[in-house]
Every structure is written in C-alpha cells, then in structure tokens.
Amino acid sequence: MLKRLPSLNSIKVFEATARLGSFKAAAHELNVSPTAISHQISELEKELGIKLFIRGFRIVTLTDEGKKLAEVSIRLISELKQTLLELTTYSKHITISTTNAFAAMWLVPQLHVFKTQYPDIEVQVKADDRLMDIDHDLKFDMAIRYGFVDKKHIQVSKIINDQFGLFATQQYWRDKDAATSTMKLLITKWKNKDLLRYHQPEALLQQFGQGCSTFEYFEDENQVIQAALAGQGVAYVSKILVQQTVTQGWLLESQSFQIESMDNLCYYSVIPKRNLNHPSVIAFQNWLMQRLATV
C-alpha cells in the first residue's frame, strides 16, 4: 500500500516521458540528461512497485499500469500549468469589488468612459456591502471601499474625500418655499457602526431649526436617492453618489443649508499584493482618481 505520494518532480519526469515516448525527448524538454530521466523513472517504478515502461532501443512503451498513470498525470500537469499561467500572467479582464450604492449610483454609469479610453480592458463590477478579503479571494483584482483610510498601508490609496448635501426635486423645493409644513429628511441608516457618528439627524435638526422635524430611514443610499426622486423628501446623501441625478437636473441641491466637509471620510482603493504592478488595475485606479477629481 502506498504510504505517501511520489514527488512532484518524479511525476513531472514521468509525464514528459509518457507524453513524448522517449527518454531522450523528455531529457531535452526538461533540460537534463537521458540518464537522469532513466534513473528517475526507475526510482518511481521502485517506489510504486510497478513497471511503467517497456524499454526499447530508441523508444519506450507504456505498460497497462503506465497508461493509467499517464492519462491522469498528463491531464493534471496540463491543468496545473494552465492555472499557474493564469495566476502569473496579467489579464486584460479585471474584477472590481465595491459597495452596492457606489456601483449603482456612480461607477456603473461611468464605466463607458473608461471603456472608451481603454477598449482592451474589460471591467466587471461585483457589488456587495460585505468586506471582501481580496488578498486571498482570487476572484477580485481590486476593491473600492468607503470609510477611513490608513495611508501607511502600501495596498491602500485614497481616492477622494466625501462631502454631503441636501437634495430634492425642483417641485419639492418650490412646495417647501410656498408652505409652512415641516421638511422630511431622508437618511441612510448605515450598517457600519464606525460611520454612524457622521449621520446625526439631531445635529441636522439644530441646523435647520424647526423647519425640519421628521426623518425617514433607508437601508442604503440608493433607496434614499430614489425616494427623493419620487418627491418624498430631502435626501441627505453623498454628493458623489447623487452626481448623475444632479447632472440630469432631476435633483437640486439646497444652497440654504450647507453640510460641513468630512475630511477623514472618503472613498479609497485596496489592491492585493499580487496586483500592485498589474497594468490594467493601475490604469483603472488612475482613471478612477482622475474621474472623481472632477466631481
């Protein structure tokens, strides 16, 4: 009974010999001597306790046992080479992890601009509010996250500081000016407890006086913006996420009440160590920073 697997090197020698049908051809491919190949095969046969080849004058022929091992080893070595090639060759296809709100409200609507500038790079966006471990999850090439950035971390790059504003439809602002009714503030109830201190309705209420006394909470920024578009109230939301709707003229920012800047709260990128020199990832990050600088 086999107590342990043969070494990968001995399997590699066997695979080359079985595939090429010759010690000499296998030696040429592996850059060793035919004698070394013959010795390695003999050691493998001794370890397994079976005959793998019938030696001829110029060629070797697989035994029935050798044919079975060759079928498996050739397939596995081929798959291993392909996987290693995929892992070590920079691809033109990159996958970006980011939040649901940033993906839906800003990134996806802007991707056509990137594709125009870099038509040979294919970008796939995976949106999820959970924190992905992109250092170990090979499905992702880069992440765009929101919060507080550690500038000392080599894998992290600050993209842009975030700013908040108050946004509503033009009709809502007109009705508000003409009436004495209270203003409804639409707010995201963030799940990240570290960020909650930046969403303080009570502080906003003090700013607005008695004109704002009702609040409605939503699970994410996309829902807040959609509610504002439906005329349900005033969205307290990131200026970055609301950019498209403002550009289209669907929502207008209040000039009466300005929200102070939050310099420490920002969007930032995280690139796994394996991709720090990835040309496509670097191109995407540079484009992202340039594009958001115009917001």
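Quick look at the structure, then. Owing to the predicted nature of the structure, the values given are computational and were not obtained by experimental measurement.

**Considering helix 3 (residues 34-48)**
- The terminal C-alpha atoms of helix 3, which comprises 15 residues, lie 21 Å apart, in line with the 21 Å expected from a rise of 1.5 Å per residue.
- For helix 3, every residue scored as buried is listed here: Ile37, Ile41, Leu44 and Glu45. In a view along the axis of helix 3, the buried residues occupy a sector of 100°, so they form one face of it. Facing away from the buried surface of helix 3 by more than 90 degrees, the exposed residues are Thr35, His39 and Lys46.
- Check the buried side of helix 3 and you find it contacts helix 1 (8-20), helix 2 (23-30) and strand 1 (53-55).
- Just beyond helix 3, the residue with positive phi is Gly49, at close to 75°.

**Focus on the environment of Asn192**
- Looking at where Asn192 falls in the secondary structure, it is placed in the loop between strand 8 (183-188) and helix 7 (201-208).
- Considered as a pair, Asn192 and Asp129 are 63 residues apart in the sequence and their alpha carbons are 9.8 Å apart.

**What to know about the side chain of Gln155**
- Its location among the elements puts Gln155 in the loop between strand 5 (142-147) and strand 6 (156-162).
- The class for Gln155 is buried, based on a relative accessible area of 4%.
- Here Asp135 takes part through its side chain, which lies 2.9 Å from a polar atom of the side chain of Gln155.
- Within the structure, the side chain of Gln155 is placed 3.0 Å from the backbone oxygen of Ile271, a separation counted as a polar contact.

**Brief notes about helix 1**
- Taking 1.5 Å of rise per residue, 13 residues should cover 18 Å, and helix 1 covers 18 Å from first to last C-alpha, within 8% of that figure.
- When helix 1 is considered as a whole, its buried residues turn out to be Ser10, Ile11, Val13, Phe14, Glu15, Ala16, Thr17 and Ala18.
- Gly21 sits one or two positions beyond helix 1 and adopts a positive phi of about 70°.

**What about unusual backbone geometry?**
- If you check the backbone angles, Asn31 has positive phi at about 60° while not being a glycine.
- By secondary structure assignment, the location of Asn31 is in the loop between helix 2 and helix 3.

**Observations regarding the nonpolar core**
- Phe102, Leu107, Ile144, Tyr267, Phe284 and Leu288 are the most contacted members of the largest nonpolar core, which has 50 residues in total.
- Residue contributions to this core peak at 8 residues, all from helix 5 (residues 100-117).
- Looking at which domains feed residues into this core, each of domain 2 (93-100 + 123-160 + 266-293) and domain 3 (164-253) supplies at least three.
- Setting aside its immediate chain neighbours within four residues, Ile144 contacts Ile96, Ser97, Thr98, Thr99, Phe102, Leu107, Ile159, Tyr267, Tyr268, Phe284 and Leu288.
- Formed by 15 residues, the second largest nonpolar core is a distinct cluster that contains Val13, Phe23, Ala27 and Leu52.

**A look at the packing of helix 1 against helix 3**
- Direction vectors running N to C along helix 1 and helix 3 enclose 115°, while the axes themselves pass 9 Å from each other. Overall, the two elements helix 1 and helix 3 adopt an arrangement that is roughly perpendicular. For the pair helix 1 and helix 3, the sense of crossing is left-handed. Residues Asn9, Ser10, Val13, Phe14 and Thr17 of helix 1 form the contact with helix 3, whose participating residues are Ile37, Gln40, Ile41 and Leu44.
- Across the contact of helix 1 with helix 3, the residue classes tally to 5 nonpolar, 4 polar and no charged.

What counts and how
Residues numbered from 1 in each chain as written. Predicted model: local features only at pLDDT ≥ 70, side-chain atom pairs only at ≥ 80, totals over all residues. Heavy atoms only, no water. Helix = DSSP H or I, 4+ residues; strand = E, 2+ residues; numbered from the N terminus. Expected span 1.5 Å × (residues − 1). Buried < 20%, exposed > 50% of the residue type's maximum accessible area, 1.4 Å probe, protein only. Arc of directions from axis to C-beta. Contact = heavy atoms within 4.5 Å. Polar contact = N/O pair within 3.5 Å; in protein donor to acceptor, adjacent residues only side chain to side chain. Core = buried A, V, L, I, M, F, W, Y, C linked by side-chain atoms within 4.5 Å. Domains from an automatic or database assignment. Axes fitted to C-alpha atoms, helices over the stretch in contact; angles between N-to-C directions. Parallel < 35°, antiparallel > 145°, perpendicular 65-115°, else oblique. Left-handed = near helix turned anticlockwise from the far one by under 90°. Nonpolar A, V, L, I, M, F, W, Y, C, P; charged D, E, K, R; others polar.

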